[in-house]
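Summary of structural features
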Amino acid sequence: MLIFKGDKLLISDETYDFNDLGRDGGRCLRSSKDLPASWDITTHWREVGDADGDGIASRLCAAWEDLRVVWTRFGEEDFVKAGAAFQYMNWLRLTRFCSVCGGAMSPREEDKGLLCGSCGRVVYAPLHPAIIVAVERDGKLLLAHNARMPTKRYSVLAGFVEPGESLEQTIAREVMEEVGVEVQDVRYFGSQPWPFPCSLMLGFTARWKSGEIHPDGLELNDAGWYAPEDFPEIPPGMSISRKLIDDFAVRMGKR
Ligand SMILES: [Zn+2]
């Protein structure tokens, strides 16, 4: 069972036993003796309030941690499972009533949808697709600094897909809006669920076609072309952005 308090997950190296629960997957606590007897520990997740949360954390010698910590401690597979649990939990919390008729929503037996008991409307957990793209030019990679980022970290460009857009159109629009550059030769790289709060990151590589870099000054306050040996501080090794950057460095023979 994954236990959440707000957007924090209860993590302990000692009390988590990563058993496969079969069809439902997920991981569970090895011992339920320290959990309230009324809890059904076969469910995927449980939310607790501040008061209960602190007591449980101290009894299990565990700590409330950001979901990203799961990745560094337990790896990508567990991060994805915990992230999925977090997204469903969040969605269920926000979808107690039908937004059309106000009727009570309840889980469907046949899939992961919610059914309105009054009007029969069925809804599914939202996903927000976003592109992330590594643009290269003559052995250099386009890296930018986000104006909201408190660190000096630089990364590749990203943005949400808008209604009516193909992924290729989103890439062209985002790169043009953010740095004024036209791209070509867009190729799919890979994807990654990103539960902050419900994104699906779709990674691509592309080549520069025309234009000089002009950061938009709003979202990005700096951007440039960087050879691998001159890279500024880049994201840690858990994100698709880092995978794109590492892939570029490898292709340039620098890693
Ligand atoms: Zn309804």
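Details of the structure are given in the entry above.
Below is a summary of the structure that appears in this document. Treat the numbers as computed from the prediction; the structure is a model and nothing was measured.

**Observations regarding the coordination of the zinc ion**
Protein coordination of the zinc ion is provided by Cys 98 (SG), Cys 101 (SG), Cys 116 (SG) and Cys 119 (SG), with donor distances spanning 2.3 to 2.4 Å. One can describe the donor arrangement at the zinc ion as tetrahedral, given that its four donor atoms subtend angles of 97 to 115° at the metal. According to the relative accessible area criterion, Cys 116 is buried, its value standing at 2%.

**Concerning the pattern of salt bridges**
A side chain with one charge can pair with a side chain of the opposite charge if their charged atoms come near. Tallying each qualifying case throughout the model produces 16 salt bridges. A salt bridge links Glu 165 to Arg 173; its shortest N-O distance comes to 2.4 Å. Judged by relative accessible area, Arg 173 falls into the buried class, the value being 16%. Here Arg 207 ties to Asp 185 by a salt bridge, and the two come within 3.2 Å at their closest N and O atoms. Taken together, the residues span a long stretch of sequence, with Arg 207 in strand S14 (residues 199-210) and Asp 185 in strand S13 (residues 182-194) at a distance of 22 residues.

**A word on the side chain of Lys 5**
Its place among the elements puts Lys 5 in strand S1 (residues 2-5). Not counting residues up to four positions away in its chain, the partners in contact with Lys 5 are Val 48, Gly 49, Asp 50, Gly 53, Asp 54 and Trp 64.

**Here we look at the pairing of S1**
What you see with S1 is no split at all: Leu 2 and Phe 4 on one side and Ile 3 and Lys 5 on the other are buried throughout. Where S1 lies against strand S5 (residues 45-47), three bridges are found, and the strand directions are parallel. Paired with Phe 4 across the bridge in S5 is Glu 47. As paired elements, S1 and strand S2 (residues 8-11) share two bridges and run antiparallel to each other.

**Describing the sheet that holds strand S9 (residues 122-123)**
Read across the open sheet, the three strands follow the order S7-S8-S9; overall the sheet is antiparallel. The open sheet has two free edges, formed respectively by strand S7 (105-107) and S9, since each of these has just one partner strand. By the bridge criterion, two bridges tie strand S8 (residues 114-116) to S9 in an arrangement that is antiparallel. The partner of Leu 115 across the bridge, within S9, is Val 122.

Reading the values: rules and limits
Residues numbered from 1 in each chain as written. Predicted model: local features only at pLDDT ≥ 70, side-chain atom pairs only at ≥ 80, totals over all residues. Heavy atoms only, no water. Donors = N, O, S within 2.8 Å, 3.2 Å for Na, K, Ca; no water. Tetrahedral: all angles 85-135°; square planar, octahedral: opposite > 155°, others 65-115°. Buried < 20%, exposed > 50% of the residue type's maximum accessible area, 1.4 Å probe, protein only. Salt bridge = Lys/Arg side-chain N within 4 Å of Asp/Glu carboxyl O. Helix = DSSP H or I, 4+ residues; strand = E, 2+ residues; numbered from the N terminus. Contact = heavy atoms within 4.5 Å. Pairing = 2+ DSSP bridges.

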